[in-house]
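Remarks on the overall topology
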Amino acid sequence: MPILYTTKATATGGRSGRAVSEDGVLDVTLTTPKELGGDGARGTNPEQLFASGYSACFLGALKFVAGKEKVKIPEDTTVTATVGIGPREDGAGFGIEVSLSVNIPGVDREVGEKLIAAAHIVCPYSHAMRTSTEVPVSLA
């Protein structure tokens, strides 16, 4: 596939550290939630970052498909991503579960459901989650 945009972010310190995008626009303190053994210090975590990215991307996909269908998406439309983490049943590590809740004020329910289904096909986060996209990992 032809790549239209690429970015990088680097994390140091793991779940209790820092993550910075290559341009420095994103620069966040990472902390481990109490539920995962952290101290509850102020900061964000990978699950919050994933939820933020997925919800924003899905809303972009929703606007894209709505535009193709000539449906106006109100400015106060929201997508809320809920991301949970826990031990996998195979005992070999952790897994995540994700759900999306979409609120499109003033749009007929049937139309909204069709737009959401189409956005779920268009959204690259949805595609990656649905297809278990292979992620190359290498030692730098």
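Heads up: the structure comes first, above all this text.
The sections below set out a description of the structure shown in this document. Keep in mind that what you see is a predicted model, and the values were worked out from it rather than measured. (Residues numbered from 1 in each chain as written. Predicted model: local features only at pLDDT ≥ 70, side-chain atom pairs only at ≥ 80, totals over all residues. Heavy atoms only, no water.)

This part takes up the pairing of strand 2 (residues 18-21). The alternating pattern of strand 2 places A19 and S21 on a buried face and R18 and V20 on a face that is not buried. Hairpin connection between strand 1 (residues 9-12) and strand 2: a loop of five residues separates the two successive antiparallel strands, and G13 in this loop has a positive phi of roughly 85 degrees. Where strand 2 folds back onto strand 3 (residues 27-29) in an antiparallel hairpin, the turn is made up of five residues, including G24, whose phi is positive at roughly 80 degrees. (Buried < 20%, exposed > 50% of the residue type's maximum accessible area, 1.4 Å probe, protein only. Helix = DSSP H or I, 4+ residues; strand = E, 2+ residues; numbered from the N terminus. Pairing = 2+ DSSP bridges.)

For the rest of this paragraph, the subject is the layout of surface pockets. The computed volume of the largest pocket comes to approximately 950 Å³. What lines the largest pocket is a set of 20 residues, among which Y5, T7, P124, Y125 and A128 lie closest to the centre. Residues that form the lining of the largest pocket fall into these classes: 13 nonpolar, four polar and three charged. (1 Å grid on protein atoms, 1.4 Å probe; cavity = no way out; pocket = protein on both sides within 12 Å on 5 of 7 lines; lining within 4 Å. Points joined across faces, edges and corners; volume = space filled by probe spheres on them. Nonpolar A, V, L, I, M, F, W, Y, C, P; charged D, E, K, R; others polar.)

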